[in-house]
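# Summary of the model geometry
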Amino acid sequence: MERKEWPLWEVFIRSRNGLDHKHCGSVHAPDPRMALQVARDVYTRRMEGVSIWVVKASDIVASDPDAKPELFDPAEDKIYRHPTFYKLPDEVNHM
Amino acid sequence: MYTQALDIPQKDADERGPRAVESPAYEAEFNARIDAGEFIEPKDWMPEKYRKTLIRQISQHAHSEIVGMLPEGNWITRAPSLKRKAILLAKVQDEGGHGLYLYAAAETLGVSRDELYEALLSGKAKYSSIFNYPTLNWADIGVIGWLVDGAAIMNQIPLCKCSYGPYARAMIRVCKEESFHQRQGYDALLQMMKGTAGQREMVQDAVNRWWWPSIMMFGPHDKDSIHVESARWGIKRISNDDLRQKFVDATVKQAEVLGVTLPDPDLKWNAERGHYDFGAIDWDEFWSVVKGDGQCNVDRIAARRKAWDDGAWVREAALAFAEKQAAREKVAA
């Protein structure tokens, strides 16, 4: 038999205003409206959120874990980008 | 949870060769990450056996949550008050939710939801054998919350630190909700124990029937356990016997406060070990239930099959409707 599943949606929830939406899981649903409904039932049964985003999983473009070194390692030796790199006289060090 | 459907840009040439292959170098790197306490995420390289072990464990766990709705669902229409009915409905809905978190986590390993369901419905995949016991009276619902969910929590807390990120994250969510399950069960039993002699007898009867199956939930003794890699890979962090002992130690006091007797004449404090000793477990019963001869194995799977088959037209219709709407929007645009 041909397998025809409902598409997969990634669910992002803002737990309260002032905070970012955060990825919390995924659901299967036939369309955006039902994806929101299912996400609400599955991920916000205890006031976990005030806003939900659903995004079709196939529409997300992700970086490749194998590309981690070339993407992120170059930042490792740029410690001068951090405020702690600069040693200032004690009197003004809390600047 | 990130998913297998994420679209990763293809690289033309990978100097390390295709990551799908098994290689001692990749495996050494992987083991080093496990040893360093790092989490493994869906698109990271992992040994095929790690992936398969996780699919088996996470999906069995998901199936257990879904089948676990059946014995409790049996009592929704018969709950003794509106308050208890509302609580039980919330609990059963949670079990469904837990199943869904876990299926989503399993799917990140490259298996589809339908494949997972089909494995359950065909009997290829197992679920926790505890759900093959019947719920005979209302006290069973309280005892399931107290003992069965209590045992589940013992099992599940270490999984919150499991090496596979999506599983660990799902388990954190599950554990938060399980605590409500255990407490509401104990609360329902406390209420019954304050009632008539007949109600107290019902509680004791339910405890007598559920105690041994509950401590079997931790699985075979460590010496008989076959999944050694699970410990090496940080999937299982505490052994079956250690978890079982922890559960027994924690439960004795709870039984005392409740005013029930745990049905084990050999259960007594061992000052030398600093733990409770308990009697021999009937492993023949355990294996016979696992292999399909429990009181409710046939009913449980028949109920799941019926739900799946009866829902087929809904799944198809919803998808057809979505496709039609999408086609219309395309024409209008």
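Refer to the structure printed above.
Below or above, wherever it landed, is the structure these notes cover. Being a predicted model, the structure only gives us computed values, none of them experimental.

Rules of the game
Residues numbered from 1 in each chain as written. Chains lettered and ligands numbered in written order. Predicted model: local features only at pLDDT ≥ 70, side-chain atom pairs only at ≥ 80, totals over all residues. Heavy atoms only, no water. Helix = DSSP H or I, 4+ residues; strand = E, 2+ residues; numbered from the N terminus. Buried < 20%, exposed > 50% of the residue type's maximum accessible area, 1.4 Å probe, protein only. Contact = heavy atoms within 4.5 Å. Areas by Shrake-Rupley, 256 points an atom, 1.4 Å probe, with all protein chains shown as cover. Buried area = accessible area lost by both parts, 1.4 Å probe. Salt bridge = Lys/Arg side-chain N within 4 Å of Asp/Glu carboxyl O. Polar contact = N/O pair within 3.5 Å; in protein donor to acceptor, adjacent residues only side chain to side chain. Core = buried A, V, L, I, M, F, W, Y, C linked by side-chain atoms within 4.5 Å. Pairing = 2+ DSSP bridges. Axes fitted to C-alpha atoms, helices over the stretch in contact; angles between N-to-C directions. Disulfide = S-S within 2.5 Å. Parallel < 35°, antiparallel > 145°, perpendicular 65-115°, else oblique. Left-handed = near helix turned anticlockwise from the far one by under 90°. Nonpolar A, V, L, I, M, F, W, Y, C, P; charged D, E, K, R; others polar. Phe/Tyr/Trp six-rings, centres within 6.5 Å; stacked < 30°, edge-to-face > 60°. Lys NZ or Arg CZ within 6 Å of the ring centre and 35° of its normal.

## Description of the overall build of chain B
Regarding its fold elements, chain B presents 13 helices and two strands. Burial status across chain B gives 50% buried among its 333 residues. Intrachain contacts of chain B at a sequence separation of at least 6 include 77% that bridge at least 24 residues. Carbon and sulfur atoms make up 57% of the accessible area of chain B, which amounts to about 16,300 Å² in all.

## Quick notes on the interface of chain B and chain A
Contact residues are listed per partner, giving 37 residues for chain B and 29 residues for chain A. In this assembly, chain B packs against chain A so that about 2,800 Å² is buried in total across both faces, 52% of it on carbon and sulfur atoms. Between R46 of chain A and E177 of chain B there is a salt bridge, with the nearest N and O atoms lying 3.3 Å from each other. The interface formed by chain B and chain A contains 12 residue pairs in polar contact (both at pLDDT 80 or more). Those elements that provide at least two residues to the side of chain B that touches chain A are helix 4 (82-107), helix 5 (113-121), helix 7 (165-193) and helix 13 (312-332) of chain B. Per-element tally for the side of chain B that touches chain A: the top contributor is helix 4 of chain B, with eight residues.

## A short note on the nonpolar core
One recurring pattern in soluble globular proteins: nonpolar side chains tend to sit buried together. All names here are of chain B. Judged by nonpolar contacts, the single largest core of 95 residues is most densely connected at Y50, I58, W146, Y164 and Y167. For this core, the leading source of residues is helix 6 (residues 138-156), giving 11 residues. Those residues in contact with Y167, other than ones at most four positions away along the chain, are L54, Q57, I58, H61, L102, A105, L159 and C162.

## A short note on the sheet that holds strand 2 (residues 21-28) of chain A
All names here are of chain A. The strand order across the open sheet formed by three strands is 2-1-3, and the pairing between neighbours is antiparallel. Only two strands of the sheet have a single partner each, and these edge strands are strand 2 and strand 3 (51-56). When strand polarity is set aside, the average angle formed by the axes of neighbouring strands in this sheet is 30°. As judged from the seven bridges shared by strand 1 (residues 8-14) and strand 2, these two strands associate in the antiparallel manner. Residue R14 lies in a different strand from strand 2, and its bridge partner there is H21. Strands in contact with helix 1 (residues 32-43) are strand 1, strand 2 and strand 3; relative to strand 2, the strand with the most contacts, it is inclined by about 110°.

## Brief notes about the state of the cysteines
In the structure shown here, the tally under the stated rule is zero disulfides over all chains. C24 of chain A forms no disulfide, and the closest cysteine sulfur to it belongs to C160 of chain B, at a distance of 16 Å. In this structure C24 of chain A comes out as buried when scored by relative accessible area, which is 11%. Summary of cysteine pairing: C162 of chain B is not part of a disulfide, and the nearest cysteine sulfur, belonging to C160 of chain B, is at 9.5 Å. A relative accessible area of 0% places C162 of chain B in the buried class.

## Section: the packing of helix 4 of chain B against helix 6 of chain B
Residue and element names in this part refer to chain B. In the contact formed by helix 4 and helix 6, the axes pass within 13 Å of each other and the chain directions differ by 45°. Taken together, the axis directions place helix 4 and helix 6 in an arrangement best described as oblique. Once helix 4 is placed against helix 6, the crossing between them reads as left-handed. Touching R84, L88, K91 and E95 of helix 4 are W138, I141, I144, G145 and D149, all from helix 6. Here the contact of helix 4 with helix 6 is composed, by residue class, of four nonpolar, one polar and four charged.

## Digging into the packing of aromatic side chains
Applying the stated criterion to the full structure yields 18 aromatic pairs over all chains. Aromatic side chains Y43 of chain A and Y101 of chain B sit 5.4 Å apart centroid to centroid with 25° between the ring planes, which places their arrangement in the stacked category. Here Y43 of chain A, found in helix 1, pairs with Y101 of chain B, found in helix 4, and the two come from separate chains. By relative accessible area, Y101 of chain B is classed as buried at 1%. Lying across the ring of W75 of chain B, R78 of chain B places its NZ or CZ 5.2 Å from the centre. Taking the ring centre of W308 of chain B as reference, the NZ or CZ of R315 of chain B above it sits at 3.5 Å.

## Points about the environment of G234 of chain B
Residues and elements named next belong to chain B. Tracing the backbone through its elements, the reader meets G234 in the loop between helix 9 (229-232) and helix 10 (240-258). Exposure remark for G234: the relative accessible area of 4% places this residue in the buried category. Distance from G234 to M216, taken between C-alpha atoms, is 23 Å for residues 18 residues apart in sequence.

## Comments concerning unusual backbone geometry
For M47 of chain A, which is not a glycine, the phi torsion comes out positive at approximately 55°. By the secondary structure assignment, M47 of chain A is in the loop between helix 1 and strand 3.

## Section: the packing of helix 6 of chain B against helix 8 (residues 197-216) of chain B
Residue and element names in this part refer to chain B. Relative to each other, helix 6 and helix 8 sit at 30°, their axes nearing to 9 Å. Considering how the two elements wind past one another, helix 6 and helix 8 form a crossing that is right-handed. Only M202, V203, A206, V207, R209, W210, W211 and S214 of helix 8 make contact with helix 6, whose side of the interface consists of W138, A139, D140, V143, I144, W146, L147, V148 and A151. Class assignment of the residues belonging to the contact of helix 6 with helix 8 gives a composition of 14 nonpolar, one polar and two charged.

Scope: geometric values only; no functional claims are made or implied.
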